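Fold and geometry: a report
Here are the chains, one letter per residue:
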Amino acid sequence: MPQRPKLVLVGLLSKFPWVYEAAERAGIDLILVPRGDDSPEAARRARAVVELLPLDIEGDPDGALAALAERYRREPFGGIMAGNEVAVTFVARAAAQLGLTGLSEQAAAVVRDKRSMRQHLREAGLAVPGFVVVEDPDGWTDALTLRFPVVVKPANGHSSFGVIRVDDRDGLEQAVTRTWKLVESHLGGYDGLATEARVLVEEYLDGPELSAESLVHRGQVRVCAISWKGELTGPYFEETVLRAPARLPAEILAAIEAEVVGAHRAFGATAGTTHTELRLVGGVRPVVLEMAARIGGGGNMHYLTHVSSGIDLAAEAMRLYLGQEPLCWRAEPVPSGHAGCYLVPIGAGGRLKRIRGLDEVRRDPRVEYVVQTAAPGSELLSYPDWSGNPAVVLSRHGSDADTKAFHDHLARTLRVEYEDQVRADPDHIRGETP
Ligand code: ADP
Ligand code: CA
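Just so it is clear, the model here is predicted, and its values are computed rather than measured. Residue numbers here run from 1 along each chain, matching the order of that chain's written sequence. Numbering of ligands from 1 and lettering of chains from A proceed in the order in which they are written. Local features in this predicted model are restricted to residues whose pLDDT is 70 or higher, and side-chain atom pairs enter the listing and the counts only when it is 80 or higher, whereas totals over whole chains, interfaces and linings include all residues. With hydrogens and water excluded, all non-hydrogen atoms of the structure serve as input to the side-chain values.

Turning our attention to the site of ligand 1. Throughout, the term near means that a residue has one or more heavy atoms lying within 4 Å of the molecule or strand in question. With respect to spatial proximity, 20 residues lie near ligand 1, and among them Lys-114, Lys-153, Ser-160, Leu-205 and Glu-209 are the closest. At 3.3 Å, a backbone N or O of Gly-157 approaches an oxygen atom of ligand 1. Compared with its free state, where it exposes 540 Å², ligand 1 has 99% of that area covered by protein. Numbering of helices and strands runs from the N terminus; a helix is a DSSP stretch of H or I covering at least four residues, while a strand is a stretch of E covering at least two. Only strand S6 (150-154), strand S8 (199-203), strand S12 (272-281) and strand S13 (285-292) provide two or more residues apiece to the shell around ligand 1. Note on residue classes: Ala, Val, Leu, Ile, Met, Phe, Trp, Tyr, Cys and Pro are nonpolar, Asp, Glu, Lys and Arg are charged, and everything else, Gly too, is polar. The residue inventory of the shell around ligand 1, partitioned by class, reads eight nonpolar, four polar and eight charged. Pairs of N or O atoms within 3.5 Å make up the polar contacts considered here, provided that, within protein, one atom can donate a hydrogen while the other can accept it, and that residues adjacent in sequence are counted only when both atoms are side-chain atoms. Areas reported as accessible are Shrake-Rupley estimates using a 1.4 Å probe. Residue values count occlusion only from the protein chains shown.

Below, the discussion takes up the coordination of the calcium ion (ligand 2). Only nitrogen, oxygen and sulfur atoms within 2.8 Å of the metal, or 3.2 Å for Na, K and Ca, are treated as donors, and water is left out, so sites may look incomplete. Taken together, Glu-277 (OE) and Glu-290 (OE) make up the full set of protein donors to the calcium ion (ligand 2), lying 2.1 Å away. Highlighted residues: Glu-277 in strand S12 and Glu-290 in strand S13, separated in sequence by 13 residues. Glu-290 gets classed as buried once you look at its relative accessible area, which sits at 19%. Throughout, exposure labels follow a simple rule: accessible area from a 1.4 Å probe, protein chains only, divided by the maximum for the residue type, with under 20% read as buried, over 50% as exposed, and the rest as partly exposed.

Here we come to the packing of helix H6 (residues 114-123) against helix H8 (residues 250-267). Axes, fitted as lines to C-alpha atoms, cover a helix only where it is in contact. Angles between the N-to-C directions of the axes lie from 0 to 180 degrees. Axis separation between H6 and H8 bottoms out at 9 Å; the angle between their running directions is 110°. Classified by the interaxial angle, the pair formed by H6 and H8 is roughly perpendicular. For the pair formed by H6 and H8, the contact residues are Met-117, His-120 and Leu-121 on the first element and Ala-263, Ala-266 and Phe-267 on the second. Broken down by class, the residue content of the contact of H6 with H8 amounts to five nonpolar, one polar and no charged. Throughout, the term roughly parallel applies to angles under 35 degrees, roughly antiparallel to angles over 145, roughly perpendicular to angles from 65 to 115, and oblique to all others. Throughout, a contact is declared for two residues whenever any of their heavy atoms are within 4.5 Å.

Leave glycine aside and you will find that most residues have negative phi; peptide bonds, for their part, are mostly trans. Here Phe-148 and Pro-149 are connected by a cis peptide whose omega angle stands at -5°. Within the secondary structure, Pro-149 sits in the loop between strand S5 (131-134) and S6. Cis geometry is found at the peptide bond from Gly-234 to Pro-235, where omega equals 10°. Relative to the helices and strands, Pro-235 resides in the loop between strand S10 (220-230) and strand S11 (241-244).

Turning our attention to the packing of aromatic side chains. In summary, the pairing rule links any two rings of Phe, Tyr or Trp, Trp by its six-membered ring, whose centres are within 6.5 Å, and it sorts them by plane angle into stacked for under 30 degrees, edge-to-face for over 60 and tilted for everything else. Overall, the coordinates contain four aromatic pairs when judged by the stated rule. Considering the side-chain rings of Phe-16 and Trp-18, the 5.8 Å spacing of their centres and the 20° angle between planes classify their relative orientation as stacked. Accessibility classification places Phe-16 together with Trp-18 in one group, the buried group. Relative to Phe-77, the ring of Tyr-72 lies with its centre 5.0 Å away and its plane at 80°, an arrangement referred to as edge-to-face. Ring pairs connect the aromatic residues Phe-16, Trp-18, Tyr-303 and Tyr-369, which therefore count as one cluster. The rule for a charge over a ring is simple: NZ of Lys or CZ of Arg within 6 Å of the ring centre, and within 35 degrees of the ring normal. In this structure, Arg-165 packs its charged tip against the face of Tyr-204, placed 4.3 Å from the ring centre.

Now for helix H12 (residues 400-413). Counting along an α-helix, one turn takes 3.6 residues, and residues three or four places apart therefore face a common direction. Helix span is expected to be 1.5 Å times the residue number reduced by one. For H12, spanning 14 residues, the distance from its first C-alpha to its last is 20 Å, which sits close to the expected 20 Å at 1.5 Å a residue. Taken together, the buried positions of H12 are Asp-400, Thr-403, Phe-406, His-407 and Leu-410. Considered in projection along H12, the buried side chains sweep an arc of 125° and stay on one side of the axis. In H12, the exposed positions that point more than 90 degrees away from the buried face belong to Ala-401 and Arg-412. Taking the helix axis as origin, the arc is that swept by the directions to the C-beta atoms.

Put into structure tokens, the structure is as follows:
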């Protein structure tokens, strides 16, 4: 009997079931490099996981790479895939060294830095907002040349951590200082690459936000699903809802696809799965915000894609990293409905007591997944700090209108309750990567 393929999955929380379930469906065995904050018992029990391989990819990337290569020498595995943003660089390095399919190290460096993403998009002739890189906190005055409102953000951030909209020149210095502090205390050097703190200021793109999930096989990009994230106007940008498929005219969908495909070319992303975020300026003109060269949202973007397009995104991605052609390259998948993702907002923040209404949501027949990421007792901070949404609800519906109505219902009925309010201390930071 042929051996089942083995794939190394790096840093995907075992609480997020989608990729693990997809591996089981696809007959792929997983060697899991658990995230530092995962529970070893839960990681061991996750579906399709046949082996745990603890590696300190953040603290000692060289040592981690050597240990991974040693594991490969003992018994080769077929591929390696990143489960979170911090793992992207390490996984690209490992794939290059072991001769496995994946993002090149150059492309990984490009997509891990928003400044270089902007520069590559601009050089490729794609749409970019005006932007300025602030190299030290006093350099904020360089950004006064931009058209306001602007958005201040870390060059190597994630999850809207430290991202602040500023409406006029008066608020700029304070926002840059604030983001700078967050970058220094939280993001600096966290993947062994981003040792320089840097802040980006860019012109505000006015329009609804979208997400595009893609597969790239031998340089050929397939945009599998486009999701609607709605109007996020700031000053902080907490994602709350996604609905797929996005209800848009065919010519706008085509323009979004063209921009996403162009971004892959511009970044040199020729293999793997990606999560691209865009704004639709004026409701019509797509502009890329950024690309993550990994599965989006810990795999919840797999769910939106699977339901709305029929493409088993996580399984296809794993096949791809194993060096195989995705099945959807030959057989046209069939969409099975509309999907919703509701990220329960943090609200005021504090020590989590409970999420009132969540048990009822679990019993709702439209709901297919409820994942509570924050346990009672954990401390949640509201934006612009970041400590993760306390729970996510994924549901299936017959129409976009039904999905929206359900999300409105969740917004009215779910209540995050805290023991106490957190101290309003800007230096008190605690965050987790997605
Ligand atoms: P992160 O890595 O923190 O997710 P993003 O660049 O995606 O960084 O920014 C987070 C959010 O901030 C975006 O999803 C978007 O809502 C908002 N945002 C960022 N840049 C802009 C911009 N130029 N115009 C409008 N909104 C923006
Ligand atoms: Ca983002």
